[in-house]
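Here's the letter readout for the chains.
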Amino acid sequence: MEQLKQQLKVQIIEALNLEDLTPADIADDAPLFGEGLGLDSIDALELIMLMEKNYGIKLSNPAEGKNIFRSVSTMADYIDKNRTK
């Protein structure tokens, strides 16, 4: 799971062009939206596309995203249980 979290951090930085950050700057349980990384709804779409492209996960209910994208840990847990790639 730790490897998946590291991989996710790298993918998030690349997908969202967060050039000022390194994976070490992103805590596993830090909020991705709001006071954490400060991501917005456009970033959420990028995260959905990232999960689809890299892990074969399609979110059928966008409301699920709020819980899934709470932190890197919650994303990794969801991917671990639902990945098809």
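First things first, this report covers the structure right here in the doc. Predicted model only: the values in this text are computed from it and were never measured.

With 15 residues, helix α2 (residues 41-55) extends 21 Å from end C-alpha to end C-alpha; this agrees with the ideal 21 Å at 1.5 Å per step. What α2 keeps buried is the set D43, A44, L47, L50, M51 and Y55. The arc enclosing the buried residues of α2, seen along the axis, measures out at 115°, which places them on a common side. Opposite the packed face of α2, turned more than 90 degrees from it, sit the exposed residues S41, I42, L45, M49 and K53. Buried residues along α2 sit against α1 (2-15), α3 (65-68) and α4 (72-82). N-cap assignment for α2: the residue whose side-chain oxygen lies 3.1 Å from the backbone N of I42 is D40.

Before going further, it helps to examine the environment of M1. Mapped onto the secondary structure, M1 falls in the segment before α1. Each C-alpha atom of the pair M1 and T74 lies 11 Å from the other, and the pair is 73 residues apart in sequence. If sequence neighbours within four positions are ignored, M1 has contacts with A76, D77 and D80.

Once that is clear, we can look at the pattern of salt bridges. Taken as a whole and judged by the stated rule, the model has five salt bridges. For D28, the salt bridge goes to K5, with nearest N and O atoms at 3.8 Å. Taken together, the residues D28 in the loop between α1 and α2 and K5 in helix α1 connect sequence positions 23 residues apart. Notably, a salt bridge pairs K9 with D28, separated by 2.7 Å at the nearest N-O pair. Of this pair, K9 sits in helix α1 while D28 sits in the loop between α1 and α2, and the two are 19 residues apart along the sequence. Since its relative accessible area comes to 6%, K9 is described here as buried. If you follow the salt bridges from partner to partner, you end up with E2, K5, K9 and D28 in one network.

Definitions and limits used
Residues numbered from 1 in each chain as written. Predicted model: local features only at pLDDT ≥ 70, side-chain atom pairs only at ≥ 80, totals over all residues. Heavy atoms only, no water. Helix = DSSP H or I, 4+ residues; strand = E, 2+ residues; numbered from the N terminus. Expected span 1.5 Å × (residues − 1). Buried < 20%, exposed > 50% of the residue type's maximum accessible area, 1.4 Å probe, protein only. Arc of directions from axis to C-beta. Contact = heavy atoms within 4.5 Å. Polar contact = N/O pair within 3.5 Å; in protein donor to acceptor, adjacent residues only side chain to side chain. Salt bridge = Lys/Arg side-chain N within 4 Å of Asp/Glu carboxyl O.

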